Amino acid sequence: YAESALDTAKLRGKNRLCFFSPQDYERKLATIELQEELEAAVRAEFKGFSIQFQAQVRSESFDLYGAEALLRFDSPRRGAIQPAEFIPVLEDSELICPVGLWVLRQGLEQCRQWRRTHPRFHLSVNMSYAQLRQPEIQSDVLRILRESGVPGNALTIEVTESMELKDYPHLNTIFREWKKEGIQISVDDFGTGYSSLGWLKELAIDEIKIDRCFVSGIQNSAYNLRLLSNMMELADSCQIRVCCEGVEKLEELSALSRLRPALYQGYYFARPCTPEAFADNILNGRFDPPKLAVAAEPAC
Ligand code: C2E
Ligand code: MG
Ligand code: MG
Ligand code: MG
C-alpha cells in the first residue's frame, strides 16, 4: 500500500503535498490487475482482444470509403473494458507494441478479404507514440503490409496529435518510407493537442480527423463552425484530406456539409461493430445513409 501510494504521489509531480485515499489505492490496484490480464492475453496469442470496424463515408456520394479498426478487450474478470481505460495501460507497459501490430495484421487480413468484393475498400489503423518510438516500427509495418497483399494506398495510419509527435525527429523518415508504399498518414483528434500547420506540412500529413468535440453540436455554435471552417481552409491549402469524426446527428451533418470535408465517421452513419456485422449490414446489406435529408437543405 505504502509503495503504491508513493508511486502515485510521484506521478503527480514533485514539490507538492499529496493525499492518497483508499479510492486511489483501489484504482491503482485495478490498473495493476488490468495490466496483468492484458499481459496474459498477449501471451495467450491475443485471446480476449478483438477488433471492431467503424464505417467511413465519402461526403460527396455518401458511399462507403472504408473503415477504422478499433481495438476491444474483454477482461476475464470484468467483461468488456473501455478503450479509454485499457489503451493507456497498454501504452504505459509498451504492450501496445505487439498488440498494435496484431491489430494491423488482423485489420489488413480483413481488408484483403473485403477488397475481393469491394476493391476500393480502405482501412485505417491507430498507432500510438509508444509504437512509433520503436526502432523496428518502420520495417514491421512494411513487412506486415507486404505479407497481407493489400496495396499500401488502401491503408491509413492514424497518429494522435500531441507534442510528443512533434518532438520526435525520426518521424519524418518513417513516414516518408511508408508513404513511398502509398500508406497515408492521418492526424487523429485534430484540434485537441498541438496544432501547427507547419508541422503538418513538414511531416507531409495526408489527412486530419477533426475531433468530435468540434463536431458535436456544431449547428448551434457559430464559433465552432468558424473555427472548423478555418481549419478546413488551411487543410485545403496544404492538400490535406479532412475527415469529420463523431457525427451523431442529422443537424450536425447538414451544418458540416456546407464545409465539404472529404469523409465522415460517426454514429449517425454506423457504430463500430464486429467484422461479421460489418459485412452483413454495411458491406453486403443496405448501407444507405439518408443523403436526401441533406440534399434538401438550402445550399448556403
Ligand atoms: P479514435 O481513434 O479517435 O477513435 C474514434 C473513437 O470515437 C472510437 O472510440 C469510436 O467508437 C468513437 N466514436 C465514433 N463515432 C462516434 C460518435 O458518433 N459519437 C461518439 N460519442 N463516439 C464515436 P473507441 O473505440 O472507444 O476508441 C477510443 C480511442 O482508443 C480511439 O480514439 C483511439 O485513440 C484508441 N484506440 C482504439 N483502437 C486502437 C488501436 O488499435 N491502437 C491504438 N494505439 N489506439 C486505439
Ligand atoms: Mg482513430
Ligand atoms: Mg486517437
Ligand atoms: Mg479521434
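For the structure itself, look to the data block above.
Bear in mind the structure is a predicted one, so any value in this text is a computation, not a measurement.

A. Fine view of the site of ligand 1. In the region of ligand 1, 23 residues are neighbours, and Asn-126, Ser-128, Asp-188, Glu-248 and Tyr-267 sit closest. One of the side-chain nitrogen or oxygen atoms of Ser-128 is found 2.7 Å away from a nitrogen atom of ligand 1. Within the backbone of Tyr-267, a nitrogen or oxygen atom sits 2.8 Å from an oxygen atom of ligand 1. The protein chains hide 85% of the 800 Å² of surface that ligand 1 would expose on its own. Given that more than half its atoms are within 2 Å of the pocket grid, ligand 1 belongs to the largest pocket. Of all the elements in the fold, those that place two or more residues in the shell around ligand 1 are strand S2 (64-75), helix H3 (83-92), helix H4 (96-117) and strand S6 (184-190). With four residues, the single largest contributor to the shell around ligand 1 is S2. Classifying every residue of the shell around ligand 1 by side-chain character gives nine nonpolar, six polar and eight charged.

B. Seen up close, the coordination of the magnesium ion (ligand 2). Those protein atoms acting as donors to the magnesium ion (ligand 2) are Glu-68 (OE), Asn-126 (OD1), Glu-158 (OE) and Asp-188 (OD), and they sit at 2.0 to 2.2 Å. All donors to the magnesium ion (ligand 2) come from one chain, and their sequence spacing reads E-x57-N-x31-E-x29-D. The distance between the magnesium ion (ligand 2) and the magnesium ion (ligand 3) comes to 4.2 Å, with Asp-188 serving as a donor to both metals. Linking Glu-68 in strand S2 with Asn-126 in strand S4 (residues 122-127), this pair joins segments that are 58 residues apart in sequence.

C. Representation of the environment of Cys-111 within the structure. Mapped onto the elements, Cys-111 comes out in helix H4. Cys-111 sits 57 residues away from Gln-54 along the chain, and the two C-alpha atoms are 13 Å apart. Ignoring sequence-local partners within four residues, the contact set of Cys-111 consists of Phe-121, Leu-123 and Val-150.

D. Summary view of the coordination of the magnesium ion (ligand 4). Around the magnesium ion (ligand 4), the protein contributes the donor atoms Asp-188 (OD), Asp-189 (OD), Glu-245 (OE) and Glu-245 (OE), at 2.0 to 2.8 Å from the metal centre. Within one chain, the residues donating to the magnesium ion (ligand 4) are spaced in sequence as D-D-x55-E. In this structure, the magnesium ion (ligand 4) lies 4.4 Å away from the magnesium ion (ligand 2), the two metals sharing Asp-188 as a donor. Placement of the pair is Asp-188 in strand S6 and Glu-245 in the loop between strand S8 (241-244) and helix H12 (250-257), with a sequence separation of 57 residues. An identical accessibility class is assigned to Asp-188 and Glu-245; each is buried.

E. Region of interest: the pairing of S8. Taking every second residue as pointing to the same face, both faces of S8 are buried, with Arg-241 and Cys-243 on one and Val-242 and Cys-244 on the other. In the sheet, strand S7 (residues 207-210) pairs with S8 via four bridges, with the strands oriented parallel. Within S8, the position partnered with Lys-209 by the bridge is Cys-243. Two strands pair when backbone bridges link them, and S8 and strand S9 (residues 263-264) are joined in this way by two bridges, in the parallel orientation. Across the sheet, the residue bridging to Cys-244 is Tyr-264, located in S9. The β-α-β motif built from S8, the intervening H12 and the parallel element S9 has right-handed crossover chirality.

F. Structural view of the pairing of S4. With five of six residues buried, S4 is to be regarded as a mostly interior element. Where S2 and S4 come together, four bridges link them in parallel fashion. Across the sheet, the residue bridging to Glu-68 is Ser-124, located in S4. In this sheet, strand S5 (residues 155-160) lies alongside S4 in parallel orientation, the contact comprising five bridges. The residue bridging Asn-126 from the neighbouring strand is Glu-158, located in S5.

How each quantity is defined
Residues numbered from 1 in each chain as written. Chains lettered and ligands numbered in written order. Predicted model: local features only at pLDDT ≥ 70, side-chain atom pairs only at ≥ 80, totals over all residues. Heavy atoms only, no water. Near = heavy atom within 4 Å. Polar contact = N/O pair within 3.5 Å; in protein donor to acceptor, adjacent residues only side chain to side chain. Areas by Shrake-Rupley, 256 points an atom, 1.4 Å probe, with all protein chains shown as cover. 1 Å grid on protein atoms, 1.4 Å probe; cavity = no way out; pocket = protein on both sides within 12 Å on 5 of 7 lines; lining within 4 Å. Sits in = over half its atoms within 2 Å of the grid points. Helix = DSSP H or I, 4+ residues; strand = E, 2+ residues; numbered from the N terminus. Nonpolar A, V, L, I, M, F, W, Y, C, P; charged D, E, K, R; others polar. Donors = N, O, S within 2.8 Å, 3.2 Å for Na, K, Ca; no water. Contact = heavy atoms within 4.5 Å. Buried < 20%, exposed > 50% of the residue type's maximum accessible area, 1.4 Å probe, protein only. Pairing = 2+ DSSP bridges. Right-handed = clockwise from strand over helix to strand, strands pointing away.

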